[in-house]
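Descriptive analysis of the structure
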Amino acid sequence: MIAFDRPWAYAIAVVGALSMAALLVWSGGFLQYYARTGWEFDASLSERLSLVVVATLFGALLPLEVTALSKARAAAGVGSAGGVLGPVFGIVSMSCCAPLLAPALLSFVGFSGTTLLNVNATLHELSTLLTLVSIALLLVSIVLVSRTVTAVCALPTPRRTTGQAAH
Amino acid sequence: MVTALTRFGTLSGWGKEHHNDGYQNFKEVPTWDLHNATYNSPYIQFSDKEVQNHDFQPLDKFDADEQAIIDKYNPQAKWPWLYINGQYAQSGSGYSPGLLQAQPWDDVYKQLSSGTQNEATQAINDEAKLITTYICRSTGGQPESACK
């Protein structure tokens, strides 16, 4: 894969995945400290799975985005719907639909505590569906950005030259 | 909290409850059902609001004062949440629910009533002591039987 042909791409992927995991753990309030028993990671099995899958997909998406941006700059004009929609889907999946992240984001943009209680209840109720939508949007994002990278990197068809001099 | 409250008044109409199995990866955790409980005390008033039931459906509504307090001091709506007289607020459980998981409600109650010493009862009693101290600061050290 073109995006992963350099070592830094793997570093970006790992850092991105770990950062996303840390953000989700913080946002979900999974890491708890109790005076008597110390630190605990309190998350259900489905929450743990969601966290790992979303963080891994985000880690995979990040080097693709970086490559797509740098290649697109190098070959200005070679654009596609995937070039725009890929990052959009990636952002939407993390901001709207990730039930682990939504409460912290909504609080950050000014939702009140009592409003969030109702939002949290709805998010709990729809958590499986929203997590699946999140993962699907991340996958769509990866596919679209991959296409953009491939389109930008495709070699143009060489023009035939006859080598004949004009007389 | 219930242990602390009983030092300042009388709690009646309570029931036995438990958290959902698998919630935060814990097995069933025994707890109190205070949804229909009443509390009488010459020292303090107590209001318990259950946010949602086991199916994540809303249960109790907040009055305007309670809404203002939650919006101000608990903006991320973390639950459980304890607020005492504008002086103290506590988000989350005071001890790990893991200490009580998979234990029958009656067993824990009997252990507490009989003064059995184990990690769970010690955690509950320590938390009760802490909440009692907070309440005593709000009541000006009254009653002495609770606050000495």
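So, a few notes on the structure that sits alongside this text. Not measured: the values here are computed from a predicted model. (Residues numbered from 1 in each chain as written. Chains lettered and ligands numbered in written order. Predicted model: local features only at pLDDT ≥ 70, side-chain atom pairs only at ≥ 80, totals over all residues. Heavy atoms only, no water.)

Some thoughts on the state of the cysteines
Residue and element names in this part refer to chain B.
- With the rule as written, the count across this model stands at one disulfide over all chains.
- Covalently, C136 is tied to C147 through a disulfide, its sulfur atoms 1.9 Å apart. Here C136 and C147 share a disulfide; its torsion about the S-S bond, -90°, makes the bridge left-handed. Placement of the pair is C136 in helix α4 (residues 119–139) and C147 in helix α5 (residues 144–147), with a sequence separation of 11 residues.
- For C147, a relative accessible area of 22% gives the class partly exposed. (Disulfide = S-S within 2.5 Å. Helix = DSSP H or I, 4+ residues; strand = E, 2+ residues; numbered from the N terminus. Buried < 20%, exposed > 50% of the residue type's maximum accessible area, 1.4 Å probe, protein only.)

Here's the deal with the pairing of strand β6 (residues 88–91) of chain B
Residues and elements named next belong to chain B.
- Pairing of strand β5 (residues 81–84) with β6 involves four bridges; the strand directions are antiparallel. Within the sheet, the bridge partner assigned to Y83 lies in β6 and is A89.
- From the end of β5 to the start of β6, which pair antiparallel, there are three residues, and N85 there has a positive phi angle of about 55°. (Pairing = 2+ DSSP bridges.)

Notes on the pattern of salt bridges
All names here are of chain B.
- This structure, assessed with the given rule, holds three salt bridges over all chains.
- For E66, the salt bridge identified is with K49, shortest N-O distance 2.6 Å. Of the two residues, E66 is situated in helix α2 (residues 64–73) and K49 in the loop between β4 (38–40) and α2; the sequence distance between them amounts to 17 residues. (Salt bridge = Lys/Arg side-chain N within 4 Å of Asp/Glu carboxyl O.)

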